[in-house]
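# Remarks on the overall topology
As a plain string of letters, each chain reads:
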Amino acid sequence: MLPTALARRPLIALLVALEVIACTGKAPPSVTSPVPATQYASPTPVASTAPAMNPGDVSGDAGLLIGRAGDPDLHLIVASTNERVMDLPPGVPDQTWGRLLTAATDGTSTVVRDLTVYETGGPRQTVAGAWRLPVIGADPTPVGVSDNGQTIVLVEQAPATAGTTRFAVLRRTLDAKPRIIELKGSFAYDAMSHDGRILYVVEHLSGPPDGHYQVRAVDTATGALQHGVVVDKSGGNEPMAGWPIAQVRRPDGMVFTLYHGAEHPFIHALNSTDGWALCIDLPAAGAADTAASADWGLAATVDGSSLVAANATLGLAVEIDLPDLAIARSRSFAPSAAAGISLAKFGHEVGGNVGRRLVVSPVGSAIFAAGPGGIVRITASDLSMSGRLLEGVAVDAMAITPDGGTLYALVHAGGHIVKLDAVSGKQLGQVPGSGFDRLLAVIPW
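Residues numbered from 1 in each chain as written. Predicted model: local features only at pLDDT ≥ 70, side-chain atom pairs only at ≥ 80, totals over all residues. Heavy atoms only, no water.

Paired through backbone hydrogen bonds, the strands of a sheet run either parallel or antiparallel to each other. Spatially, β14-β15-β16 is the arrangement adopted by the 3 strands of the open sheet, whose pairing is antiparallel. Each edge of the sheet is formed by a strand with only one pairing partner; in this case those strands are β14 (186–192) and β16 (213–219). Across the sheet, the mean angle separating the axes of adjacent strands is 35 degrees when strand polarity is ignored. Note: strand β15 (residues 198–204) against β16, 7 bridges, orientation antiparallel. Directly across from Leu199, in β16, lies its bridge partner Val218. (Pairing = 2+ DSSP bridges. Helix = DSSP H or I, 4+ residues; strand = E, 2+ residues; numbered from the N terminus. Axes fitted to C-alpha atoms, helices over the stretch in contact; angles between N-to-C directions.)

Below, the structure is given as structure tokens:
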């Protein structure tokens, strides 16, 4: 018997909005390490201990997909009560969260599973050795599945040894022997082509500059590293160096990765279908401040015509026009004063945007940028600063409801989730409990 809240939401679905090249680099910003993989059974509906709720009792409520510190699992909860509806392992979802690709290791082997939410069983395959799904920068949601859903790439848990890096390539059907790709040198996962035929990897090179690297292409069918490197189409001669912060993928095969570099942040635009790239430099202000540089966020606008990069800590917002791949406008505003990632939908309910540092209102009128000094509301039409929320409070992630009216903020201190009026900034309440460290989806409840 499913709990009351779960019965009202028949099936979970989550569309997660999203490392490619850099230009200059220095010491890398600190990022959260991936949660160690654990052996999981199928997603588990949780027996409810909370009293039954009538729909009228939860007007303006939301379902939140969250994680807690020290717990690799994800949990679907009701925001007003913290009622736990379902437990899910971390993994790569399809567009409806009807399927979830997971990789769990016991130290000697790794079990890859194609789970169907609310059902037991599903295809599975065991791969010798300790592997995991890759992540990009500080984003807690794994990647590693091609956009057509047919190819899976795993990275080895252990760092490269004896000058060799290994990747495992599997078919989504999980019915064929995995191809183990061995590359001489130090490499990291970057992206895949839409059809999964090409794996793009970052090859780490010795400095100077610090963080020096180049992007290479690998044929996933043969495991062969293609000759040459993926170069900047603009003809830039700067050495490529830096560390990824965030990534946005588009259905047309374009992959945009926001990088932290020594001289300035930048966006590396990779055409994963045709194998060319373009580097878009962002304002250099504050680049020497490693912590502040990590507060850049990247998101697509509602109409898909542009990208927005913003940093509340540095007081900067930039709009990149697509398909011109050029800065259309930029704005500066008074930065937040510190006191010390995608559309989501569950069942048939379209959810709101979620992000670690940047979210765009689904109604298209506002952009919210978060950091250690709170949240800044930016007017989408001209990038002007139009308000501040939770001033002086460090915020780790945000989620905005589909109507653009309610913003949930994951507060760093204590791991609390606060409910805010997105227009006035007024605090409307708080999710019961604490210790949350991930906020991955929001839907009306």
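On we go.
In this section: the packing of aromatic side chains. Across all of its chains, the model carries 1 aromatic pair by this definition. Centroid distance Tyr259 to Phe266: 5.2 Å. Interplanar angle 5 degrees. Geometry classified as stacked. Since its relative accessible area comes to 0%, Phe266 is described here as buried. (Phe/Tyr/Trp six-rings, centres within 6.5 Å; stacked < 30°, edge-to-face > 60°. Buried < 20%, exposed > 50% of the residue type's maximum accessible area, 1.4 Å probe, protein only.)

Moving on, we get to unusual backbone geometry. With omega at 10 degrees, the peptide bond leading from Leu322 into Pro323 counts as cis. With respect to the helices, strands and loops of the structure, Pro323 is situated in the loop between β23 (316–321) and β24 (326–332). Even without being a glycine, Leu174 presents a positive backbone phi close to 55 degrees. Here Leu174 lies in the loop between β12 (164–171) and β13 (179–184). What makes Leu174 buried here is its relative accessible area of 8%. Positive phi outside glycine occurs at Leu325, with the angle close to 55 degrees.

Sheet topology note: the β23/β24 ladder contains 6 bridges and is antiparallel. Bridging from a neighbouring strand, Val318 pairs with Ser330 of β24. A loop of 4 residues connects β23 with β24, the two strands running antiparallel in sequence, and Leu325 in this loop sits at a positive phi of about 55 degrees.

Membership of the largest hydrophobic core comes to 22 residues, with the highest contact counts inside it found for Phe256, Ile267, Leu282, Trp296, Leu298 and Leu325. Among the elements of the structure, β17 (243–249), β18 (254–260), β19 (266–271), β20 (276–281), β22 (306–311) and β23 are those that each provide at least two residues to this core. When neighbours within four sequence positions are excluded, Leu282 is seen to be in contact with Leu258, His264, Pro265, Phe266, Ile267, Trp296, Ala309, Val318 and Ile320. Membership of the second largest hydrophobic core comes to 16 residues, among which are Ala366, Leu390, Val418 and Leu420. (Core = buried A, V, L, I, M, F, W, Y, C linked by side-chain atoms within 4.5 Å. Contact = heavy atoms within 4.5 Å.)

This paragraph deals with the sheet that holds β18. Strand order in the open sheet formed by 4 strands is β17-β18-β19-β20, and the pairing between neighbours is antiparallel. Every interior strand has two partners, whereas the edge strands, β17 and β20, have only one. Here the strands of the sheet are splayed against their neighbours by 20 degrees on average, with no regard to which way each runs. Bridging between β17 and β18 involves 6 bridges; their strand directions are antiparallel. Each bridged residue has a counterpart across the sheet, and for Pro244 the counterpart in β18 is Tyr259.

Evaluated as defined, the whole model comprises 13 salt bridges. Where Arg249 meets Asp147, a salt bridge forms, and the shortest distance between an N and an O atom there is 3.3 Å. Note that Arg249 is positioned in strand β17 and Asp147 in the loop between β10 (131–132) and β11 (151–156), a separation of 102 residues in sequence. By relative accessible area, which is 36% here, Asp147 ends up partly exposed. Among the ionic pairs, Glu203 bridges to Arg216, the shortest N-O distance being 3.1 Å. On the criterion of sequence distance, the pair formed by Glu203 in strand β15 and Arg216 in strand β16 is long-range, its members being 13 residues apart. On the basis of relative accessibility, which here comes to 13%, the residue Arg216 falls in the buried class. Three or more residues are tied together by salt bridges with common partners; here these are Glu156, Arg166 and Glu182. (Salt bridge = Lys/Arg side-chain N within 4 Å of Asp/Glu carboxyl O.)

Our next topic: empty space enclosed by the protein. The computed volume of the largest cavity comes to approximately 70 Å³. Every residue lining the largest cavity is listed: Val143, Gly144, Val145, Ser146, Asp147, Tyr189, Asp190, Ala191, Met192, Ser193, Gln247 and Arg249. Taken together, the elements giving at least two residues each to the lining of the largest cavity come down to β14 and β17. Of all the elements, β14 adds the most residues to the lining of the largest cavity, at 4 residues. (1 Å grid on protein atoms, 1.4 Å probe; cavity = no way out; pocket = protein on both sides within 12 Å on 5 of 7 lines; lining within 4 Å. Points joined across faces, edges and corners; volume = space filled by probe spheres on them.)

Turning next to the pairing of strand β31 (residues 385–389). Two elements, strand β30 (residues 374–379) and β31, share 4 bridges in a ladder whose sense is antiparallel. Looking at β31, one finds that Ile378 is bridged to Met385. Once β30 ends, the chain turns through 5 residues before running back antiparallel as β31, passing Leu383 with a positive phi of about 65 degrees.

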